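# Structural description and commentary
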Amino acid sequence: MNPSSDSREEIVDFLQSTEALRDVPREQLEWLGPESEIILYEPGIVSRPGDSYDYLIVVLEGKLEGYVIQNGQKRPQLANVSGSIGGIIPFSRMKASPVFIEAIGPVKILALHRSKFHELITHNYELTEVLVHSMVDRVRMFTSAH
C-alpha cells in the first residue's frame, strides 16, 4: 500500500490480497474498513506490558515487533508485518499487552475497537472465523516460545 493513501477501496483490496483474509467475502472486508480507524505510529515503543489494549489490528504497512526483557536482553516474541493480524481478537481473554510492542520504522494499521466486536461476530461469520483461528495460532506460538 502507498503510505499516503487510505481510500477504503484500496484498503479492502489490500485486505483481500493478504493470505489470512483472502477467502473472506469482500462485503465483510468492506464492513471492516469503515468500522475501523487508521492509526499511524512513528518508530518507537507503542505499548508496554500491562497497557490496556482495546483494538484488533491489521498491519497495513511497516512492522510491529513484540518482545519481553529477560536478564536485561530483548527477547522477541512476535513480529506483525504488513498483512498481519494482531491486538485483541473476539473471544480473547487478553485485557492488557503481555509484551512491549515497538514500531520498527513508520507503521500504519487498521484498528477495530472492541466495542464493534458484537456486530463483527453477529454479521461477519467468515471474518470472525479467520480472526479466531488467528488467535488460536498466536496462542500456540506463544506457548511454544516459552
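Calculation criteria
- Residues numbered from 1 in each chain as written.
- Predicted model: local features only at pLDDT ≥ 70, side-chain atom pairs only at ≥ 80, totals over all residues.
- Heavy atoms only, no water.
- Axes fitted to C-alpha atoms, helices over the stretch in contact; angles between N-to-C directions.
- Helix = DSSP H or I, 4+ residues; strand = E, 2+ residues; numbered from the N terminus.
- Parallel < 35°, antiparallel > 145°, perpendicular 65-115°, else oblique.
- Left-handed = near helix turned anticlockwise from the far one by under 90°.
- Contact = heavy atoms within 4.5 Å.
- Nonpolar A, V, L, I, M, F, W, Y, C, P; charged D, E, K, R; others polar.
- Core = buried A, V, L, I, M, F, W, Y, C linked by side-chain atoms within 4.5 Å.
- Buried < 20%, exposed > 50% of the residue type's maximum accessible area, 1.4 Å probe, protein only.
- Pairing = 2+ DSSP bridges.

Moving on, we get to the packing of helix α1 (residues 8–17) against helix α2 (residues 26–35). It is the contact of α1 with α2, at a shortest axis distance of 9 Å, that shows an interaxial angle of 130°. If you check the angle between α1 and α2, you find them oblique. When the axes of α1 and α2 are compared, the crossing they make is right-handed. Packed against α1, whose contacting residues are Arg8, Glu9, Val12, Asp13, Leu15 and Gln16, the element α2 presents Arg26, Leu29, Glu30, Leu32, Gly33 and Pro34 at the interface. Classifying every residue of the contact of α1 with α2 by side-chain character gives 5 nonpolar, 2 polar and 5 charged.

Turning next to the nonpolar core. Counting 22 residues, the largest nonpolar core has Leu15 and Leu127 as its most contacted members. Here the element with the most residues in this core is α1; it accounts for 4 residues. Beyond its immediate stretch of four places on either side in the chain, leucine 15 contacts Leu21, Arg22, Leu29, Leu32, Val58, Leu60 and Leu110. Ranked by size, the runner-up nonpolar core spans 13 residues in total, among them Ile39, Tyr53, Val99 and Val107.

The subject of this paragraph is the sheet that holds strand β8 (residues 107–113). Taken in spatial order, the 4 strands make up an open sheet running β1-β8-β3-β6, and their pairing is antiparallel. On the outer flanks of this sheet lie β1 (37–41) and β6 (85–87), each paired with one strand and no other. Taking each pair of neighbouring strands and ignoring which way they run, the sheet shows an average axis angle of 35°. By the bridge criterion, 6 bridges tie strand β3 (residues 55–61) to β8 in an arrangement that is antiparallel. Bridge pairing links tyrosine 55 to histidine 113 in β8. Along the sheet face, α1 touches β1, β3 and β8 and points at about 95° away from the line of β3. Against the sheet, α2 makes contact with β1 and β8, and its axis sits at roughly 100° relative to β8, the strand it touches most.

So, to be careful, I would describe these as geometric facts and stop short of saying anything about function.
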